[in-house]
Amino acid sequence: MQDAPDTVNILAILGDDVTPAALQREAGMRAAADRDPDVEIVRSFSVLWDSKAAYDRVHTALNLIEVDGIWAANDDIAIAAMRAVEDCGSPCQDIEIVGLNWSEAGLDAVARGDLLSSHGGHFLAGGIALAHITRGALDQQQRELTLSLRAITDANIEALPRTIREREWAQLNFNALAQQMAQGTPDELVGEGVELTSN
């Protein structure tokens, strides 16, 4: 049975089958796919966060199934998948790949157009929570802060603060970031409207 013409076939590369990070990322990916009737996860497998395993498994899969996009549980395995797609040649040239983590390599790959996107921002949560505490912004009953992941693509990568792209954590103004989040600014992690560099 052939797929409907508009079906988007996704190959999902999972980190592992046991850690909360891997399971939550997989759950989010599957929930998003379930909401879109045109998306089908045609195959998924765990590579235990190993780039070589990701390359090998993707390389094999591309010879067996039709794939339109690849979802990877982190940027490193997304980049490994990118190499497998490149080695596949012209039959695979239109496959789009997404990763997670906002790693330096991942963001560089997004800037070059090799990855469609990298979702991230979660690693800032500790600093943002501490900034909220030091500003006295949390009351006694508040025990949770919600931080949404953001997709960095070629459309917004230039707006991502240099301090984040270049990992200059000592220069990042977590107080400004926390204040922007408290005000509900939708793009708090791509630097719109707030100076995120410490003085």
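Source: prediction; values computed, not measured. (Residues numbered from 1 in each chain as written. Predicted model: local features only at pLDDT ≥ 70, side-chain atom pairs only at ≥ 80, totals over all residues. Heavy atoms only, no water.)

**Student:** Is there a simple way to think about helix 5 (residues 125–134) in this case?
**Tutor:** Each α-helix winds once per 3.6 residues, and so residues spaced three or four apart point in a common direction. All of the buried residues along helix 5 are Ile128, Ala131 and His132. Around the axis of helix 5, the buried residues are gathered within 100 degrees of arc, so they sit on the same side. Facing away from the buried side of helix 5 by over 90 degrees, the exposed positions are Gly126, Leu130, Ile133 and Thr134. (Buried < 20%, exposed > 50% of the residue type's maximum accessible area, 1.4 Å probe, protein only. Helix = DSSP H or I, 4+ residues; strand = E, 2+ residues; numbered from the N terminus. Arc of directions from axis to C-beta.)

**Student:** Please clarify how the pattern of salt bridges should be interpreted in this entry.
**Tutor:** Oppositely charged side chains may form a pair once their charged atoms are brought near each other. Throughout the structure, instances matching the rule amount to six salt bridges. Among the salt bridges present, the one from Glu26 reaches Arg30, with a minimum N-O distance of 2.9 Å. Of this pair, Glu26 and Arg30 both sit in helix 1 (residues 20–35), four residues apart, roughly one helical turn. Overall, the relative accessible area of 15% leaves Glu26 in the buried class. Classification of Arg30 as partly exposed rests on a relative accessible area of 28%. In this structure, the salt-bridge partner of Lys52 is Asp56, at a minimum N-O distance of 2.8 Å. Separated by four residues within a single helix, Lys52 and Asp56 lie in helix 2 (residues 51–62), roughly one turn from each other. Among the residues examined, Lys52 registers a relative accessible area of 57% and is labelled exposed. Residue Asp56 is classed as partly exposed on the basis of its relative accessible area of 34%. One connected set of salt bridges, linked through shared partners, spans Arg162, Glu166 and Glu168. (Salt bridge = Lys/Arg side-chain N within 4 Å of Asp/Glu carboxyl O.)

**Student:** Would you mind going over unusual backbone geometry with me for this structure?
**Tutor:** For residues besides glycine, phi is generally negative; the peptide bonds are generally trans as well. In this structure, Trp49 is a non-glycine residue whose phi angle is positive, near 60 degrees. Among the secondary structure elements, Trp49 is positioned in the loop between strand 2 (39–46) and helix 2.

**Student:** In this structure, what is going on with the sheet that holds strand 2? I would like to understand it.
**Tutor:** The strands making up a sheet associate through backbone hydrogen bonding, with each pair oriented either parallel or antiparallel. Here six strands make up an open sheet; going across it, the order is 2-1-3-4-5-6 and the pairing mixed. Unpaired on one side and paired on the other, strand 2 and strand 6 (150–152) mark the two borders of the sheet. Across the sheet, the mean angle from the axis of one strand to that of its neighbour is 20 degrees, orientation sign disregarded. Here seven bridges tie strand 1 (residues 8–14) to strand 2, and the two strands are oriented parallel to one another. Bridge pairing links Ala12 to Ser44 in strand 2. Seen against the sheet, helix 1 touches strand 1, strand 2, strand 3 (69–72) and strand 4 (96–100) and runs at an angle of roughly 165 degrees to strand 2. Sheet contacts for helix 3 (residues 75–88): strand 1, strand 3, strand 4 and strand 5 (117–120); angle to strand 4, the most-contacted strand, approximately 160 degrees. (Pairing = 2+ DSSP bridges. Axes fitted to C-alpha atoms, helices over the stretch in contact; angles between N-to-C directions. Contact = heavy atoms within 4.5 Å.)

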